[in-house]
Amino acid sequence: MLKIYNGGLNVADILKAWYEEESLSNYGAFIPFIGTIRDEDGIDGLSFDIYEPILEKWFKEWQEKAKAKNAIIKMAHSRGDVLLHQSSYIAAVFSPKRRVALEFIDEFVEDFKASAPIWKYDLKNGQRIYALDRSTAIKGSGLLA
Amino acid sequence: MLKIYNGGLNVADILKAWYEEESLSNYGAFIPFIGTIRDEDGIDGLSFDIYEPILEKWFKEWQEKAKAKNAIIKMAHSRGDVLLHQSSYIAAVFSPKRRVALEFIDEFVEDFKASAPIWKYDLKNGQRIYALDRSTAIKGSGLLA
Amino acid sequence: MIRVEFLGPIQKDALELEINNLSELATILQETPEMREWLENSAIAVNDTLVSTLDFPLKDGDKVSMLPPVCGG
Amino acid sequence: MIRVEFLGPIQKDALELEINNLSELATILQETPEMREWLENSAIAVNDTLVSTLDFPLKDGDKVSMLPPVCGG
């Protein structure tokens, strides 16, 4: 389950829906990760571009990895502008046992940060400024250099 | 924030309340861990005894550890009977940055399992059977042996 | 008087004992047949703080708790 | 014809090129001044799959995408 929303996420509604969807699936552990826009560096918010075809392929690979551990993953992300203190990202793992869930959410979130084709911009003084200094070159970058 | 509830937890309500409580606290990462009763070994549910004075001291120590990392923790746990597919445990970390939150939730949940003064019983055929084989002796046990 | 409480699954009423340290409590409980299965795997708290030495002195009004293996979550 | 798309913050319209592999694309982009800052830090996908070799053959109708550094979350 990967869903892209325009603007900030309704965290309570999404967590409730995900929990209820799996309420009879017999998973013993459920770990969501929620990312929220911090008030820092004088920004008014963040904005996101997403390239969905590659995001969906990336997510599908992680669904396979989860399946191999009898786990499942769900993810929601914002597109466009997200204001201060709103949330832009929720990732979650459900698994029968806690160790798998604790390790999987960490690996999944870290690979998301390093690989998912999403670009972040600071909203500042009416401008949309690419956050190059906080961004990570995807593995294999520089092929055409 | 440590709260003990009689019976299964209302996960959606608790997560919503915790998220809203910290909505202006400027934490960038929020990671709850939710533990749910699995249908296994023919049980009808689980039941919990809690010794609150020591649980509160244990929790307070973890609050101090969280504070040292600019993070906070919240926890909810059931007392008494919890039926299949209901949830009995929610622990959560809020922190400015994701690495702290990802590492802290793991350490906190693992120490909870090893140290928190809570005893688990299987509900089976109308009986309440101590789950000794899944329980962990607290560090330092055997002092009087 | 020292109050000794048995927590969770240990089916035993609290004791009120005239003892001066945990060594004396150990001696008494080692002679109590139904306690044998719990002595090896239980931790001890005095006034709700876990302790790790038998020398721990006890004074009138102290509470000793015996905590068998735990499993929250 | 190969379509080349520039994603995210790269301010450049898509190109339609007659090329046979990524090496030829590299040569063209290395000669494009505004692309210099992106060549070192961007990954390349062909038909939405990331690729790791310049020998990668391209056929009519393929789509090449250039992905600059990412930061979701």
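As the structure is a prediction and not an experimental result, all values here were calculated from the model.

Draft legend 1. How the structure looks around the interface of chain B and chain A. Each partner contributes to the interface: chain B provides 34 residues, whereas chain A provides 34 residues. Counting the surface chain B buries against chain A, the share from its top three residues, Tyr19(B), Asn26(B) and Arg38(B), is 20%. For the pair chain B and chain A, the interface holds six salt bridges. The partner of Glu110(A) in a salt bridge is Arg98(B), with the nearest N and O atoms 2.9 Å apart. Taken together, chain B and chain A are joined by 16 residue pairs in polar contact (both at pLDDT 80 or more). Mapped by element, the contributors of at least two residues to the side of chain B that touches chain A are helix H1 (11-21), strand E2 (29-36) and helix H3 (98-115) of chain B. Looking at the side of chain B that touches chain A residue by residue, the classes come out as 17 nonpolar, seven polar and ten charged. When strand E2 (residues 29-36) of chain A meets E2(B), the two strands line up antiparallel, connected through four bridges. In the strand pairing of E2(B), Ile34(A) is matched with Phe30(B).

Draft legend 2. Spotlight on unusual backbone geometry. Residues and elements named next belong to chain A. Of note, the phi angle at Asp 41 is positive, near 55°, even though the residue is not glycine. Mapped onto the elements, Asp 41 comes out in the loop between E2 and strand E3 (45-50). You can call Asp 41 exposed: its relative accessible area is 57%.

Draft legend 3. Focus on the arrangement of the chains. Contact between chain B and chain D is absent, and the minimum C-alpha spacing across the pair is 10 Å. Without any contact between them, chain C and chain D keep their closest C-alpha atoms 29 Å apart.

Draft legend 4. Spatial organisation of the relation of the copies chain B and chain A. By a simple turn and slide, chain B fits onto chain A: the slide is 0.0 Å along the axis, the RMSD is 0.0 Å, and the turn is 180°. As the rotation angle and translation indicate, the two copies are arranged about a two-fold axis. When C-alpha distances to the rotation axis are compared across chain B, the minimum falls at Pro32(B), with a value of 3.0 Å. The fraction of interface residues of chain B whose copies in chain A are also interface residues reaches 100%, indicating that both copies meet through the same surface.

Rules used in this analysis
Residues numbered from 1 in each chain as written. Chains lettered and ligands numbered in written order. Predicted model: local features only at pLDDT ≥ 70, side-chain atom pairs only at ≥ 80, totals over all residues. Heavy atoms only, no water. Contact = heavy atoms within 4.5 Å. Buried area = accessible area lost by both parts, 1.4 Å probe. Salt bridge = Lys/Arg side-chain N within 4 Å of Asp/Glu carboxyl O. Polar contact = N/O pair within 3.5 Å; in protein donor to acceptor, adjacent residues only side chain to side chain. Helix = DSSP H or I, 4+ residues; strand = E, 2+ residues; numbered from the N terminus. Nonpolar A, V, L, I, M, F, W, Y, C, P; charged D, E, K, R; others polar. Pairing = 2+ DSSP bridges. Buried < 20%, exposed > 50% of the residue type's maximum accessible area, 1.4 Å probe, protein only. Least-squares fit on C-alpha atoms with pLDDT ≥ 70 in both.

Everything listed here is a matter of coordinates, which is why it stays silent on function.
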